Amino acid sequence: KQEVTQIPAALSVPEGENLVLNCSFTDSAIYNLQWFRQDPGKGLTSLLLIQSSQREQTSGRLNASLDKSSGRSTLYIAASQPGDSATYLCAVPDNYGQNFVFGPGTRLSVLP
Amino acid sequence: DTAVSQTPKYLVTQMGNDKSIKCEQNLGHDTMYWYKQDSKKFLKIMFSYNNKELIINETVPNRFSPKSPDKAHLNLHINSLELGDSAVYFCASSRFTGRFHEQYFGPGTRLTVT
């Protein structure tokens, strides 16, 4: 059964810092991994999708890496801004590739 | 244009009632999903559905049933509501299955059962 964990559970940084969020999954036979952000009281916004054949994806100040063999992904945020404050979730397909299993999220606060 | 929309945004009802939440996507996607986010903010899949198959998470009570009048809609019906059903319910969609394609989420419906 696929399980996803995220470390840290919460993170508070001053504006301008670079930071790394971590995602771990137990079954490395995944098709892809997706990073989302969720603002309080809002839905999820897709940030990056990494296919299993890729090692990283970049979008603006965001860079996500994937190491299937070790069951890990990281989301790197460069030059953080207060607007980056949100909960960040990673998700992978389950063992059947049909449904997504989400991590518990990392709650990020970027202080001005 | 809203990609994935849900109605209502808030739903307050009493135990034992039957309610529905509607979901529509205008992305032309083939697969739609329902998720439940509980008070601890943990997001869990309930159903995934395309025009060929319905996949049900085995932990979902049979009081919950998805109904799809067409490819663009997947509504969630809940019978005999219980206090523990209080949560935020998210609809999502993707092209084909989730194996290769991004999921797009609706804004959520906050259900409160009193």
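See the structure printed just above.
Now for a quick tour of the structure. Every value quoted in this text rests on a predicted model; they were computed, and no experiment measured them.

1. Quick word on the nonpolar core
Taken as a class, soluble globular proteins show a tendency for nonpolar side chains to be buried jointly.
Alright, step 1. Grouped together as the largest cluster of nonpolar side chains are 23 residues, with contacts concentrated most on Leu33, Trp35, Leu75, Ile77 and Tyr88 of chain A.
Alright, step 2. Going through the elements one at a time, strand S3 (19-25), strand S4 (32-38), strand S5 (44-51), strand S7 (62-67), strand S8 (72-77), strand S9 (86-93) and strand S11 (106-111) of chain A are the ones with two or more residues in this core.
Alright, step 3. Core analysis: the second largest hydrophobic core is formed by 19 residues, Met32, Phe64, Cys91 and Val113 of chain B among them.

2. A look at unusual backbone geometry
Alright, step 1. In the segment running from isoleucine 7 of chain A into proline 8 of chain A, the intervening peptide bond is cis, with an omega of -5 degrees.
Alright, step 2. With respect to the element layout, proline 8 of chain A can be found in the loop between strand S1 (4-7) and strand S2 (10-14).
Alright, step 3. Residue proline 8 of chain B follows threonine 7 of chain B across a cis peptide bond; omega there is -5 degrees.
Alright, step 4. Mapped onto the elements, proline 8 of chain B comes out in the loop between strand S1 (4-7) and strand S2 (10-13).
Alright, step 5. Even without a glycine there, the phi angle at alanine 79 of chain A is positive, about 45 degrees.
Alright, step 6. As for its placement among the helices and strands, alanine 79 of chain A is situated in the loop between S8 and S9.
Alright, step 7. Residue classification places alanine 79 of chain A among the partly exposed positions, given a relative accessible area of 37%.
Alright, step 8. In the Ramachandran plot, serine 80 of chain B falls in the positive-phi region, its phi being about 50 degrees despite a non-glycine side chain.

3. A look at the packing of aromatic side chains
Alright, step 1. Evaluation of the coordinates by the stated rule reveals eight aromatic pairs over all chains.
Alright, step 2. Ring geometry for phenylalanine 36 of chain A against phenylalanine 105 of chain B: centres 5.3 Å apart, planes inclined by 85 degrees, an arrangement best described as edge-to-face. Of this pair, phenylalanine 36 of chain A sits in strand S4 while phenylalanine 105 of chain B is found in strand S10 (residues 104-105), placing the two residues in two different chains. Summarising the burial analysis for this pair, phenylalanine 36 of chain A and phenylalanine 105 of chain B share the class buried.
Alright, step 3. A ring pair is formed by phenylalanine 102 of chain A and phenylalanine 105 of chain B, whose centres lie 5.9 Å apart and whose planes are at 90 degrees; its orientation type is edge-to-face. Separated into two different chains, phenylalanine 102 of chain A in strand S10 (residues 100-102) and phenylalanine 105 of chain B in strand S10 make up a pair that spans both.
Alright, step 4. Classification of phenylalanine 102 of chain A as buried rests on a relative accessible area of 2%.
Alright, step 5. These aromatic residues form a ring-pair network of at least three members: Phe36 and Phe102 of chain A together with Tyr33, Tyr35, Phe90 and Phe105 of chain B.

Thresholds, definitions, all that
- Residues numbered from 1 in each chain as written.
- Chains lettered and ligands numbered in written order.
- Predicted model: local features only at pLDDT ≥ 70, side-chain atom pairs only at ≥ 80, totals over all residues.
- Heavy atoms only, no water.
- Core = buried A, V, L, I, M, F, W, Y, C linked by side-chain atoms within 4.5 Å.
- Buried < 20%, exposed > 50% of the residue type's maximum accessible area, 1.4 Å probe, protein only.
- Helix = DSSP H or I, 4+ residues; strand = E, 2+ residues; numbered from the N terminus.
- Phe/Tyr/Trp six-rings, centres within 6.5 Å; stacked < 30°, edge-to-face > 60°.

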